[in-house]
Every structure is written in structure tokens, then in C-alpha cells.
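# Secondary and tertiary structure notes
The primary structure of each chain is shown beneath.
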Amino acid sequence: MLQDIFKDAGARMEKSVKSLEHELSKIRTGRANTSLLDHVQVEYYGSMVPLSQAANVSVTDHRSLSIQVWERNMIAVIEKAIINSDLGLTPNTAGQTIHINLPPLTEERRKDLVKIVRGEGEQAKVAIRNVRRDAIQSVKQLVNDKQASEDDERRAETEIQKLTDKYVEQVDKVLSEKEKELMEV
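Residues numbered from 1 in each chain as written. Predicted model: local features only at pLDDT ≥ 70, side-chain atom pairs only at ≥ 80, totals over all residues. Heavy atoms only, no water.

As for its placement among the helices and strands, E21 is situated in helix α1 (residues 2–25). Looking at E21, the relative accessible area reads 33%, which means it is partly exposed. Between the C-alpha atom of E21 and that of E79, which follows or precedes it by 58 residues, the distance is 27 Å. (Helix = DSSP H or I, 4+ residues; strand = E, 2+ residues; numbered from the N terminus. Buried < 20%, exposed > 50% of the residue type's maximum accessible area, 1.4 Å probe, protein only.)

Below, the structure is given as C-alpha cells:
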């Protein structure tokens, strides 16, 4: 019973860390990265789909992306979607290829991005603490139902706290790596 609670809590905490990593991959650093365009949606035959389902996105060099459009009539739609996104990027078209040059980040913009990253990290930590709270509540329920002793409860709370500390430490590590990447010139 207790092992199931530990496994569930660990899996949910791991998902919080993975979710943070996914969210941080969308935040632009000085380098080009295809994940930058992952959340851009384009209208493709009447439905909204991710850009990657309408074109091939690749990194040309450290400051530019190349989008190879599969159908000529999609070029204008993809350009419009990129311009309307919150990325602040300007696409340049050459034939069936769209090029995006990433301008260097200003110091002020880097500091703003670090604040955003820290906010995302705090949300991940709150999610991990909520998992801890739920797990401890499940253990308390087992004690109330006489399926576990109070000694088991204390040991379980200690174990759950160790899990929480481990995943909070992982969040801090992910945050420090992203901050370092953002402040790199």
C-alpha cells in the first residue's frame, strides 16, 4: 500500500519536472532551436495543426531556422502564423523555404526571460508540493482505516519528504541551467 503511494508520488513529481523542461524549451535563448516553433499552430485544410505537421523545421546555424514547406499554398499561412505568434520573429521567404533569423537578445530581455523562467520553476515546485500533500493525505487515510500504523505514517512522511526534496533539487538544477543558457552572450 505505502509503496504504491511512493511510486505514484514519484511518477507525478517526475511529470512536474518533465513539464517544466517542456515549458522552458519554448523560451527563446540566444541559440536557434526547433522547439521554439512547437506551439505555433497553422490552419491546414480547415483545422489547426502544429507547424511541424505542415512543414519541416530545421536549424540552419546557431541564429537561424529554416522551414521547408511541403505545399506552396501553405507558405503565406505559415508566415502569418509565425508573425502572429508571441515570438516576435519575422520570416523571410525564398521559394518554398522560409528562413527565420533570430536577433540577439538584449540584456533587459534576458533579465525578463530569467524572471519568466523562475516563475515557471516556482509553479513546478508548487506542483511537487501538492503531490507531497496528496501523498501524505493518502497515508493518513490508511492510518485512519487501520491499514497502517502511526510508525508507518512517520516513516512514510519522511520518505515522501525525501522524494519531494529530490525533485525540488532537480527543478533547481533545470532552472540554473536555463538561466545560465539565457545569460550567455
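At a closest axis distance of 10 Å, the pairing of helix α3 (residues 107–144) and helix α4 (residues 150–183) adopts a crossing angle of 170 degrees. The pairing of α3 with α4 is recorded here as roughly antiparallel in orientation. Each residue belonging to the contact of α3 with α4 can be placed in one class, and the counts come to 17 nonpolar, 3 polar and 12 charged. (Axes fitted to C-alpha atoms, helices over the stretch in contact; angles between N-to-C directions. Parallel < 35°, antiparallel > 145°, perpendicular 65-115°, else oblique. Nonpolar A, V, L, I, M, F, W, Y, C, P; charged D, E, K, R; others polar.)

Let us look at the nonpolar core. Soluble globular proteins: nonpolar side chains tend toward being buried together. L2, L20, L24, I128 and V171 are the most contacted members of the largest nonpolar core, which totals 31 residues. Residue assignment for this core shows that the elements contributing at least two residues are α1, α3 and α4. Looking at this core, the element that brings in the most residues is α3, giving 11 residues. Among all residues touching V171, those that are not within four sequence positions of it are V17, L20, G121, A124, K125 and I128. Core analysis: the second largest hydrophobic core is formed by 24 residues, L37, Y44, I78 and L102 among them. (Core = buried A, V, L, I, M, F, W, Y, C linked by side-chain atoms within 4.5 Å. Contact = heavy atoms within 4.5 Å.)

Right, let's talk about α3 for a bit. Helix length check: α3 (38 residues) gives 55 Å between terminal C-alpha atoms against 56 Å at 1.5 Å per residue, within 8%. Of the residues trailing α3, K146 is marked for its positive phi of about 65 degrees. (Expected span 1.5 Å × (residues − 1).)

Where burial is concerned, the two faces of strand β1 (residues 41–44) differ: the one with V42 and Y44 is buried and the one with Q41 and E43 is not. Bridge count for β1 against strand β2 (residues 47–50) is 4 bridges, and the pairing is antiparallel. If you follow V42 over to β2, its bridge partner there is V49. The antiparallel pairing of β1 with β2 creates a hairpin that spans 2 residues between the two strands, and Y45 there sits at a positive phi of about 55 degrees. (Pairing = 2+ DSSP bridges.)

Here we come to the sheet that holds strand β5 (residues 91–94). The antiparallel open sheet is built from 4 strands, whose spatial order is β3-β4-β6-β5. Among the strands making up the open sheet, the edge pair consists of β3 (55–61) and β5. Going across the sheet, the axis of each strand differs from the next one's by a mean of 25 degrees, ignoring polarity. On the sheet, helix α2 (residues 75–84) packs against β3, β4 (64–69), β5 and β6 (97–101) and is oriented at approximately 165 degrees with respect to β5.

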